[in-house]
Number of protein chains: 4
Amino acid sequence: MSSEIKTIGVLTSGGDAPGMNAAIRAVVRAALFKGYKVKGVRHGYNGLLTGDIVDMNLRSVSEIIHRGGTILYTARCLEFKTLEGQQKAAQACREAGIDTLVVIGGDGSFRGAKDMAAQGIPCIGIPGTIDNDIACSDYTIGYDTAMNTAVEMIDKLRDTTQSHDRCSVVEVMGRNAGYIALNTGIAVGALVTLIPEVPFDLDRDVISKMKETQKTGKKHFIIVVAEGAGKASDIANEIQARTGIDSRATVLGHVQRGGSPTLRDRVTASRMGYHAIELINKGIFNRVVATRAESIVDYDISVALSMYKTIDTALLDISHAISI
Amino acid sequence: MSSEIKTIGVLTSGGDAPGMNAAIRAVVRAALFKGYKVKGVRHGYNGLLTGDIVDMNLRSVSEIIHRGGTILYTARCLEFKTLEGQQKAAQACREAGIDTLVVIGGDGSFRGAKDMAAQGIPCIGIPGTIDNDIACSDYTIGYDTAMNTAVEMIDKLRDTTQSHDRCSVVEVMGRNAGYIALNTGIAVGALVTLIPEVPFDLDRDVISKMKETQKTGKKHFIIVVAEGAGKASDIANEIQARTGIDSRATVLGHVQRGGSPTLRDRVTASRMGYHAIELINKGIFNRVVATRAESIVDYDISVALSMYKTIDTALLDISHAISI
Amino acid sequence: MSSEIKTIGVLTSGGDAPGMNAAIRAVVRAALFKGYKVKGVRHGYNGLLTGDIVDMNLRSVSEIIHRGGTILYTARCLEFKTLEGQQKAAQACREAGIDTLVVIGGDGSFRGAKDMAAQGIPCIGIPGTIDNDIACSDYTIGYDTAMNTAVEMIDKLRDTTQSHDRCSVVEVMGRNAGYIALNTGIAVGALVTLIPEVPFDLDRDVISKMKETQKTGKKHFIIVVAEGAGKASDIANEIQARTGIDSRATVLGHVQRGGSPTLRDRVTASRMGYHAIELINKGIFNRVVATRAESIVDYDISVALSMYKTIDTALLDISHAISI
Amino acid sequence: MSSEIKTIGVLTSGGDAPGMNAAIRAVVRAALFKGYKVKGVRHGYNGLLTGDIVDMNLRSVSEIIHRGGTILYTARCLEFKTLEGQQKAAQACREAGIDTLVVIGGDGSFRGAKDMAAQGIPCIGIPGTIDNDIACSDYTIGYDTAMNTAVEMIDKLRDTTQSHDRCSVVEVMGRNAGYIALNTGIAVGALVTLIPEVPFDLDRDVISKMKETQKTGKKHFIIVVAEGAGKASDIANEIQARTGIDSRATVLGHVQRGGSPTLRDRVTASRMGYHAIELINKGIFNRVVATRAESIVDYDISVALSMYKTIDTALLDISHAISI
């Protein structure tokens, strides 16, 4: 047990993600197991400014591993973006006896953690976001659940698409990143998947492929589009206008953010939460926990925030070859 | 076995609904069991005009009871709305040796069945539509599945709504009828449910109730709205403007039309399909099969089409009392 | 509001069932809505004897409508079966200020309610049991969920049964009643369904039907058996010995008791809970709430306990005709 | 395109696994995309001996990516284990014009592939088994789905376990390997997970931990046991005898083998199937496709069969620390 650290705070920040509760549970239980006290900060960094801080014991995190959302709530906090807000938050930690903070969230949350560290409160970040847009980590908590939710919904759409010989254009989450769209597109056998990272030409990449596969007997079509790549309704209208095929748009929306986490999200969250406490126990701070090649690793927060992640466009080639 | 009838045709028409396959299976199997021949007409009445008719045997309907959509496909058919089209369709039946037709669909499909009967092809209708808007039947095939799908999606939305102390405004299917919305609203504990049958005042019925329950500690809200009662995005914007509560709209859309049917839809479809063949076997024609008080009954098609169904607003009172 | 009654107690007793939480929620909210106080008694009648009684407010039942199990816990209570135990329980009600008790459970729980009434504590019963074995009610809370859970599991079994050309013998809940088995059997397309109410001969009813359908090309088989009708492993062994078809037994077990309730269970539970409070509000006591032909009705407890329910064997005929 | 190879055969062998259909689809589509002909061999190696071989076109694998089981069926084949059987199978390939064979299955299937190669039919293996017991691959097709199915079922069990303050002992698949049990145990928050790789003492590892956590207020317990580590019913009986806690055994059984594959299984299967054809296209044969650190790689079949895989017992430490 690190001699300096007696009490660990934990919070969730930014958009919620399924598996955050499993991460909270692992942080709380592993910390208590190693002899620390634990406090939960509610509603993100906001809770530090408003004093919304609760003691956590072993039973505080019972019966949550399978629940979506976050029992600690989450919120944006404008005040915390100012130096004054950060100083106030650090002071609140000291007054609450919180020696270090585990922050579960995305890049914005980690920038906050870095700010807290600058104010004397060492932090550990855990990547929790459905978007998988954290550069240092192959995989973020909530990503697998969000994709499986999208797949289940599109499987239902498939039934009606097929019964009516239609084209379904489905908009999935991903304003800046095509991770969800790309994998979901492969998993549902989408004819074409459109992502923000790869420019596309509707005629060349969608219409002509539809016409080509029609010749092999294909009569219904699923097109997956990341929200950052285009608007489903626009694309559906275009397709219908140019092909005559009855085309419908569906926006899967916030349903993708919720639901009971998958095994993968629960296990990753548990491992990451445990790893965070191990780092603290070794006196190592200001790291972001991450997965690399299915192992749990960690990076300096500043380094993590400066990293850049590219999407594996080889998956597009595979998708192109087998969705015909 | 009815002496006049040797071959039974079966088709699905209008919007598809989960459980239609279970109905097809029951029609085909029960007919073969009683010694009839069965032909499947594909793509609704259209299949009669295009000759898209296939022989059905016991194995043609294997492994479909659990599948959404319809293996016989469905479509609208403009040509069939003309007298000439109807005469042509009846002639096609005679040429294919189809002596009677079982039509699975909604009111529009039953009007078609009545038209076929006028051209000498006796028909039986089976109510298959997720909207439950068939007056003679308490319950239509697909309705239970559609509502359970809506409930599952809103349960996921609930997680993120709660984590962020938000208001979720969810638009469910129901252009003219509030059945799905009303039951779904009760099942998800919606604060308010808006349906086309009951006019509402946003301030009085929604905003003031939100403010009242806030006083009891409630911080997140689910509002269910039938598509015929209003646009989710408009309502969400209004709520946010007047309460300051972060409000998001979600349109569940066509996902509600698909998916593996629930037990209730499978059992009802099986019973209805069997009943249709029993009617034919007794020489009774031009009836719509229906459920009344959990029994399977039937009505003359013309009578069925002239009936009127009201929504049980007592459910709104219950919903109002327990969603606080 | 009934002048005599100020505080309503609510408890769940016997085996738990999905939807019990929705019923608790409706009882608590409707009671508070009408101006009563509400106390929750935990662990069934046991909680009266041990003083495990908690105040319930509007927020005590937030976020439970979608959860399986019962937040009030349930238990058997041997002591309560004695007159002395009943007197003690009634005295505990008086001391806790509980004027009337809403009991959610099965026949055993209603017998307890009758005993409480005899000791001066008027009661209302709500049928909550997955087995649907309450004579006065067409339908009990939890029954629809249990059947849908069984159907989902058997749908998964179907995949592997089909891939291997096997026979799956699946044992579902129902020690004394075949309701779950009968409906589940129709919904999964079971070749044969065995229930305790109808004696069967393995050779005549199962083996010979398997052989007959094999001739039509059928190669895999699902047999559903209620636990009260036979042991899945014995039946699977017999089938394999007599047909040579690789046969496997699966016991679905307690998984059927849990899970998020279906829409039907949530809506029925909400309506029943509301009805219970309406009865109390009208000064009507010692009734069991029930469904009849999709309406909510009520019966005198003693009458309800003396009623007898038969299973609709017409469903067996339908099942026989369409599962070939 | 490899000059020697014109026609590719594909088969599934051994126990079926969710995702096998996605792999078949990828093999067929990628092969056709690159200009090969494809034939499907049904019922495993058996299909070679019985001539159960069908031509596959683009549409033969439509609408299967989301389905459990295998459209090519699978079977054991005793005759194929003899040299004579292998010679006959190779001869059947030559007669059917199959130049190379893609075999989707487990180690037993790969030994068969090696035997075929010895008879002059080059092969590629793709790991498809829910057990994850293929040494060369981090991950096998079907494993993720099987674990998520187990998790969903145990989540339902949790409801009833909690309502009754019980202990549930759940037996999951894994005769020789604890992979499913270990990850499932973490994901459901099992108090203890018993696997064949790690000997256990019931008193020390289970009973004493139960008693210890009871002191912190824990009242219900989930114990996960791999089928190779012990019998759930025996363990439940022992626990109940020694602790007095009502304990129930559940065997999840073959349900774990079926169901619609998860996103991960569909994507991995698609990538592996595509990779298999890429190898063939490069003239590389007798390899097993595998995942290593989330990449798709391949190994010589003989090398793959000689590899050994150990379970990551670090997960047990994590599980021990956070399940209290």
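Residues numbered from 1 in each chain as written. Chains lettered and ligands numbered in written order. Predicted model: local features only at pLDDT ≥ 70, side-chain atom pairs only at ≥ 80, totals over all residues. Heavy atoms only, no water.

Participant: What's the story with the pairing of strand S6 (residues 167-172) of chain D in this structure? I'm lost.
Facilitator: Regular strands show a simple pattern: their side chains alternate between the two faces of the sheet. Residues and elements named next belong to chain D. By the criterion of burial, S6 is predominantly enclosed, with 6 of the 6 residues buried. Burial of the side chains of S6 extends over both faces: Cys167, Val169 and Glu171 are buried on one face and Ser168, Val170 and Val172 on the other. Inspection of the sheet shows S6 paired to strand S8 (residues 221-226) by 6 bridges, in the parallel sense. Across the sheet, the residue bridging to Val170 is Val224, located in S8. Sheet topology note: the S6/strand S9 (residues 247-251) ladder contains 5 bridges and is parallel. Residue Val170 lies in a different strand from S9, and its bridge partner there is Thr250. (Buried < 20%, exposed > 50% of the residue type's maximum accessible area, 1.4 Å probe, protein only. Helix = DSSP H or I, 4+ residues; strand = E, 2+ residues; numbered from the N terminus. Pairing = 2+ DSSP bridges.)

Participant: Would you explain the interface of chain D and chain A in this entry?
Facilitator: Interface size is commonly expressed as the accessible surface area that is lost when the partners come together. Each partner contributes residues to the interface: chain D has 47 residues there, and chain A has 47 residues. With both sides pooled, the region where chain D packs onto chain A buries about 4300 Å², and carbon together with sulfur makes up 60% of that total. Taken together, chain D and chain A are joined by 6 salt bridges. Across the pair A:Glu294 and D:Arg264 runs a salt bridge whose closest N-O atoms are separated by 2.9 Å. If you look at where chain D meets chain A, you find 22 residue pairs in polar contact (both at pLDDT 80 or more). Where the side of chain D that touches chain A is concerned, the elements lending two or more residues are helix H1 (20-33), helix H5 (143-163), helix H6 (179-187), helix H9 (263-281) and helix H11 (314-322) of chain D. A per-class count over the side of chain D that touches chain A returns 19 nonpolar, 15 polar and 13 charged. (Contact = heavy atoms within 4.5 Å. Buried area = accessible area lost by both parts, 1.4 Å probe. Salt bridge = Lys/Arg side-chain N within 4 Å of Asp/Glu carboxyl O. Polar contact = N/O pair within 3.5 Å; in protein donor to acceptor, adjacent residues only side chain to side chain. Nonpolar A, V, L, I, M, F, W, Y, C, P; charged D, E, K, R; others polar.)

Participant: Looking at this model, I keep getting lost on a positive patch on the surface. Mind explaining?
Facilitator: Residue and element names in this part refer to chain A. Together, Arg76, Lys81, Arg111 and Arg175 give the surface a local cluster of positive charge. Within the secondary structure, Arg76 sits in the loop between strand S3 (53-56) and helix H3 (83-96). On the basis of relative accessible area, Arg76 is assigned to the exposed category, the value being 77%. (Patch = residues over 30% accessible without salt bridge, like charges linked within 9 Å, V, L, I, M, F, W, Y side chains within 5 Å. Areas by Shrake-Rupley, 256 points an atom, 1.4 Å probe, with all protein chains shown as cover. Lys, Arg positive; Asp, Glu negative; His and termini not counted. Charge placed at Lys NZ, Arg CZ, Asp CG, Glu CD.)

Participant: Explain the state of the cysteines to me, please; I cannot follow it from the model alone.
Facilitator: Residue and element names in this part refer to chain C. This model, assessed by the stated rule, comprises 0 disulfides over all chains. Here Cys123 stays free of any disulfide, with the sulfur of Cys93 as its closest cysteine sulfur at 7.4 Å. Residue classification places Cys123 among the buried residues on the basis of a relative accessible area of 0%. (Disulfide = S-S within 2.5 Å.)

Participant: Just to check I follow, could you spell out H6(D) for this structure?
Facilitator: One full turn of an α-helix is made of 3.6 residues, so residues set three or four places apart face in the same direction. Judged by how many residues are buried, H6(D) sits mostly within the fold: 9 of 9 residues are covered. Burial in H6(D) covers these residues: D:Tyr179, D:Ile180, D:Ala181, D:Leu182, D:Asn183, D:Thr184, D:Gly185, D:Ile186 and D:Ala187. Among the structural elements, helix H9 (263-281) of chain A together with H5, S6, strand S7 (192-194), S8 and H11 of chain D are those in contact with the buried residues of H6(D). The positive-phi residue at the C-terminal boundary of H6(D) is D:Gly189, with phi of around 70°.

Participant: Teacher, can you tell me more about the domain arrangement of chain A here?
Facilitator: Residue and element names in this part refer to chain A. Structurally, chain A comprises domain 1 (7-142 + 261-306) and domain 2 (144-258). Between the C-alpha centres of domain 1 and domain 2 the distance comes to 35 Å. Between domain 1 and domain 2, the contact holds 14 residues from the first and 12 residues from the second. With both sides pooled, the region where domain 1 packs onto domain 2 buries about 1000 Å², and carbon together with sulfur makes up 53% of that total. On the domain 1 side of the interface with domain 2, the three residues burying the most area are Ile130, Asp131 and Thr262, jointly 44% of the side's total. At the boundary of domain 1 with domain 2, the tally comes to 1 salt bridge. Where domain 1 meets domain 2, there are 8 residue pairs in polar contact (both at pLDDT 80 or more). (Domains from an automatic or database assignment.)

Participant: Help me out: how do you make sense of the relation of the copies chain D and chain A in this one?
Facilitator: Between the two chain copies there is a screw-like relation: a rotation about an axis and a shift along it. Structural alignment of chain D on chain A gives an RMSD of 0.0 Å, achieved by rotating through 180° and translating 0.0 Å along the axis. Expressed as an axis order, the relation between the two copies is that of a two-fold axis. Measuring from the rotation axis to each C-alpha of chain D, the shortest distance belongs to D:Ala293, at 2.0 Å. When the interface residues of chain D are mapped onto chain A, 100% of them are again interface residues, pointing to one common binding face. (Least-squares fit on C-alpha atoms with pLDDT ≥ 70 in both.)

Participant: When you look at the environment of D:Arg175 in this model, what are you seeing that I'm missing?
Facilitator: Residues and elements named next belong to chain D. Its location among the elements puts Arg175 in the loop between S6 and H6. Expressed as a C-alpha distance, the spacing of Arg175 and Arg42, which sit 133 residues apart in the sequence, is 27 Å. The residues touching Arg175, leaving out its near neighbours within four places in the chain, are Pro196, Glu227 and Gly228.

Participant: Explanation requested: the sheet that holds strand S4 (residues 100-105) of chain D in the structure shown.
Facilitator: Strand pairing in a sheet is mediated by backbone hydrogen bonds. Such pairs are either parallel or antiparallel. Residues and elements named next belong to chain D. A sheet is described by the order of its strands in space; here 7 strands give the open sequence S3-S2-S1-S4-S5-S10-S11, paired in mixed fashion. Since the sheet does not close on itself, it has two edges, and those belong to strand S3 (53-56) and strand S11 (295-300), each with one partner. Here the average twist between neighbouring strands, direction ignored, is 25°. As judged from the 2 bridges shared by strand S5 (residues 123-127) and strand S10 (residues 287-292), these two strands associate in the parallel manner. Each residue of the ladder has a partner; that of Ile124, found in S10, is Arg287. (Axes fitted to C-alpha atoms, helices over the stretch in contact; angles between N-to-C directions.)

Participant: Honestly, the interface of chain B and chain C in this entry has me stumped. Any pointers?
Facilitator: Listed by partner, the interface residues are 47 residues for chain B and 47 residues for chain C. Between chain B and chain C, roughly 4300 Å² of surface is buried when both sides are summed, and carbon and sulfur atoms account for 60% of that area. The tally of links between chain B and chain C comes to 6 salt bridges. For B:Arg158, the salt bridge goes to C:Glu63, with nearest N and O atoms at 3.4 Å. Counting every contact that joins chain B to chain C gives 22 residue pairs in polar contact (both at pLDDT 80 or more). Those elements that place two or more of their residues in the side of chain B that touches chain C are helix H1 (20-33), helix H5 (143-163), helix H6 (179-187), helix H9 (263-281) and helix H11 (314-322) of chain B. Its residues assigned to classes, the side of chain B that touches chain C shows 19 nonpolar, 15 polar and 13 charged.

Participant: Sorry if this is basic, but what is going on with the relation of the copies chain B and chain C here?
Facilitator: Of the two same-sequence chains, chain B is brought onto chain C (RMSD 0.0 Å, axial shift 0.0 Å) by a rotation of 180°. The fraction of interface residues of chain B whose copies in chain C are also interface residues reaches 100%, indicating that both copies meet through the same surface.

Participant: Which parts of the structure should I look at to understand the pattern of salt bridges?
Facilitator: Between side chains of opposite charge, a pair can form as their charged atoms come close. One pass over the full model with this rule turns up 60 salt bridges over all chains. Across the pair C:Asp203 and C:Arg242 runs a salt bridge, and its minimum N-O distance is 2.3 Å. On the criterion of sequence distance, the pair formed by C:Asp203 in helix H7 (residues 202-214) and C:Arg242 in helix H8 (residues 232-243) is long-range, its members being 39 residues apart. Within the structure, one salt-bridge network assembled from shared partners comprises A:Glu63, A:Arg266, D:Asp155 and D:Arg158.

Participant: I'm lost on the sheet that holds S7(D) in this one. Help?
Facilitator: Residue and element names in this part refer to chain D. Spatial strand order, S7-S8-S6-S9: 4 strands in an open sheet with parallel pairing. On the outer flanks of this sheet lie S7 and S9, each paired with one strand and no other. Between one strand axis and the next, the sheet turns through 20° on average, direction left out of account. Packing of H5 onto the sheet brings it into contact with S6, S8 and S9, and relative to S6 it is tilted by some 165°.

Participant: Looking at this structure, how should I read unusual backbone geometry?
Facilitator: A negative phi angle characterises most non-glycine residues, just as the trans form characterises most peptide bonds. Even without being glycine, A:Asn286 reaches a positive phi, approximately 55°. Mapping A:Asn286 onto the fold places it in the loop between H9 and strand S10 (287-292). Even without a glycine there, the phi angle at C:Asn132 is positive, about 60°. With respect to the helices and strands, the residue C:Asn132 is situated in the loop between strand S5 (123-127) and helix H5 (143-163). Of the residues examined, C:Asn132 reaches a relative accessible area of 2% and is grouped as buried.

Participant: In this structure, what is going on with the UniProt feature "active site" (unreviewed entry) in chain A? I would like to understand it.
Facilitator: All names here are of chain A. Mapped onto this numbering, the UniProt entry gives "active site" (unreviewed entry) at Asp131. Inspection of the secondary structure assignment puts Asp131 in the loop between strand S5 (123-127) and helix H5 (143-163). With near-sequence residues (within four places) excluded, Asp131 lies in contact with Met173, Gly174, Ala177, Tyr179 and Ile180. (UniProt positions renumbered as here; feature names shortened; annotations may be inferred.)

Participant: Sorry, what's going on with the confidence of the model for chain A here?
Facilitator: Low pLDDT means the predicted coordinates in that region are not meant to be read closely. For chain A, mean pLDDT is 96; residues scoring 70 or higher make up 99% of the total. Reported confidence for the predicted complex is 0.96 by ipTM and 0.97 by pTM. (pLDDT = per-residue confidence, 0-100.)

Participant: Looking at this structure, I do not really get the packing of aromatic side chains. What am I missing?
Facilitator: Aromatic rings considered in pairs are described by the distance between their centres and by the relative angle of their planes. All names here are of chain A. For the structure shown, the criterion picks out 8 aromatic pairs over all chains. The interplanar angle of 5° and the centroid separation of 4.1 Å between the aromatic rings of Tyr45 and Phe80 together place this pair among those described as stacked. With a gap of 35 residues between them, Tyr45 in the loop between strand S2 (37-41) and helix H2 (46-50) and Phe80 in the loop between S3 and H3 connect regions that are remote in the sequence. Both rings, one in Tyr139 and one in Tyr143, keep their centres 6.0 Å apart while their planes meet at 65°; by these two values the pair is edge-to-face. The buried category is assigned to Tyr143, whose relative accessible area is 6%. Directly above the aromatic system of Tyr179 lies the positively charged group of Lys309, at a separation of 5.0 Å from the ring centroid. (Phe/Tyr/Trp six-rings, centres within 6.5 Å; stacked < 30°, edge-to-face > 60°. Lys NZ or Arg CZ within 6 Å of the ring centre and 35° of its normal.)

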